[in-house]
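Below, each chain spelled out in residue letters.
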Amino acid sequence: MKEEIINEKIKIVQGDCLEYMKTLPDKSIDLVLTDPPYGVGMNYDVYKDSEENWFELMDKAIPEMRRIGKMVIFPSCQIKRLDWFYKNHKPDWLMCWYKGSVGSAGYTGFNDWEPHLVYGKNNTTMHDYFRATPEPQDNGHPCQKPINWAGWLIKRATNNDGDIVLDPFAGSFTTGVACVKLNRKFIGVEISEKYYEIGKERIKRELSQSKLF
């Protein structure tokens, strides 16, 4: 496991998030915001994105995220899995991410929205519906979330600059870039060295640009 302190607010980790989360105290993270693998055969660098692996990963990751996080938010990955979540890891409530018409066909047509699971609650007031349009992906990661996706959730689920946001499935560190923009503390963990390096450069580039203004 490799850790790097970018500055006093940003720490990134290359390694297994399940092992890293075990090192953190209970409720030490204000917001766990993440985008886990979807279990749909996505072509990731080092992780085999099978449905079987997804169920095993979620069974291990959700208890740890809930233990360390005061609030936890992440996509359901597939709408049909909501029944499994409610039977095995019941959320406190759901949010709707409205993407707009993005051309992604689902069982009955095109998926213009996606449920997000929410566990816990910070001292915040937020709606259960938000819009963030997917952005073109050109950095080498197969499933990058929009900056506005992370930005909207962080801005409303945290209270101030001192709050800590953890992304245990950091990918190309979109959540980290949003934390830089919003001046939040961030810890990102990514198992793939390739995606870790991509994400590190994105964060450093955002930090450099933010210093220009």
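Rules used in this analysis
- Residues numbered from 1 in each chain as written.
- Predicted model: local features only at pLDDT ≥ 70, side-chain atom pairs only at ≥ 80, totals over all residues.
- Heavy atoms only, no water.
- Core = buried A, V, L, I, M, F, W, Y, C linked by side-chain atoms within 4.5 Å.
- Buried < 20%, exposed > 50% of the residue type's maximum accessible area, 1.4 Å probe, protein only.
- Helix = DSSP H or I, 4+ residues; strand = E, 2+ residues; numbered from the N terminus.
- Contact = heavy atoms within 4.5 Å.
- Salt bridge = Lys/Arg side-chain N within 4 Å of Asp/Glu carboxyl O.
- Pairing = 2+ DSSP bridges.
- Axes fitted to C-alpha atoms, helices over the stretch in contact; angles between N-to-C directions.
- Right-handed = clockwise from strand over helix to strand, strands pointing away.

## Some points on the nonpolar core
Part 1 of the reasoning: Ranked by internal contacts, the top residues of the largest apolar core, which has 30 residues, are Leu33, Ile73, Leu153 and Ile203.
Part 2 of the reasoning: Listed by contribution, the elements that provide at least two residues to this core are β2 (10-14), β3 (31-33), β4 (71-75), β5 (93-98), α4 (147-157), α5 (174-182) and α6 (193-210).
Part 3 of the reasoning: Broken down by element, the residue count for this core peaks at seven residues, all from α4.
Part 4 of the reasoning: Setting aside residues up to four positions removed in sequence, Leu33 forms contacts with Ile73, Trp149, Ala150, Leu153, Ile154, Val165, Leu166, Asp167 and Thr175.

## Brief notes about α5
Part 1 of the reasoning: By the criterion of burial, α5 is predominantly enclosed, with seven of the nine residues buried.
Part 2 of the reasoning: Along α5, the residues that are buried comprise Thr174, Thr175, Gly176, Val177, Ala178, Cys179 and Val180.
Part 3 of the reasoning: Buried residues along α5 sit in contact with β2, β3, α4, β8 (164-167), β9 (185-190) and α6.
Part 4 of the reasoning: At the C-terminal side of α5, Asn183 shows a positive phi close to 60 degrees.

## Description of the pattern of salt bridges
Any two side chains of opposite charge can pair, so long as their charged atoms come close to each other.
Part 1 of the reasoning: Summed over all chains, the structure comprises 17 salt bridges.
Part 2 of the reasoning: For Lys60, the salt bridge identified is with Glu56, shortest N-O distance 3.2 Å. In this pair, Lys60 and Glu56 are both assigned in helix α2 (residues 51-68), four residues apart and thus about one turn of the helix distant.
Part 3 of the reasoning: Look at Glu56 and you get partly exposed, because its relative accessible area is 42%.
Part 4 of the reasoning: Between Lys99 and Glu114 there is a salt bridge, with its nearest N and O atoms 2.9 Å apart. Here the residue Lys99 occupies a position in the loop between β5 and β6 (113-120), and Glu114 occupies one in strand β6, the gap between them amounting to 15 residues. We note that Lys99, like Glu114, is buried.
Part 5 of the reasoning: Each of Lys2, Glu4, Glu193, Glu197, Lys200 and Lys204 takes part in one network of salt bridges that share partners.

## Brief notes about the environment of Gln209
Part 1 of the reasoning: Note on placement: Gln209 falls in helix α6.
Part 2 of the reasoning: Between the C-alpha atom of Gln209 and that of Pro134, which follows or precedes it by 75 residues, the distance is 22 Å.

## Here we look at the sheet that holds β2
Part 1 of the reasoning: Spatial strand order, β1-β2-β9-β8-β3-β4-β6-β5-β7: nine strands in an open sheet with mixed pairing. Of all strands in the sheet, those with a lone pairing partner are β1 (2-5) and β7 (129-131), marking the two edges. The mean angle between the axes of side-by-side strands here comes to 20 degrees, regardless of whether they run parallel or antiparallel.
Part 2 of the reasoning: Note: β1 against β2, four bridges, orientation antiparallel.

## Observations regarding the pairing of β4
Part 1 of the reasoning: Summarising burial for β4: five of the five residues are buried, a large majority.
Part 2 of the reasoning: Burial along β4 is two-sided: the residues Met71, Ile73 and Pro75 and Val72 and Phe74 are all buried.
Part 3 of the reasoning: Note that β3 and β4 share two bridges and pair parallel. Across the sheet, residue Val32 finds its bridge partner in β4, namely Val72.
Part 4 of the reasoning: For the crossover from β3 across α2 to β4, the handedness is right-handed.
Part 5 of the reasoning: Here β4 runs beside β6; their pairing, made up of five bridges, is antiparallel.

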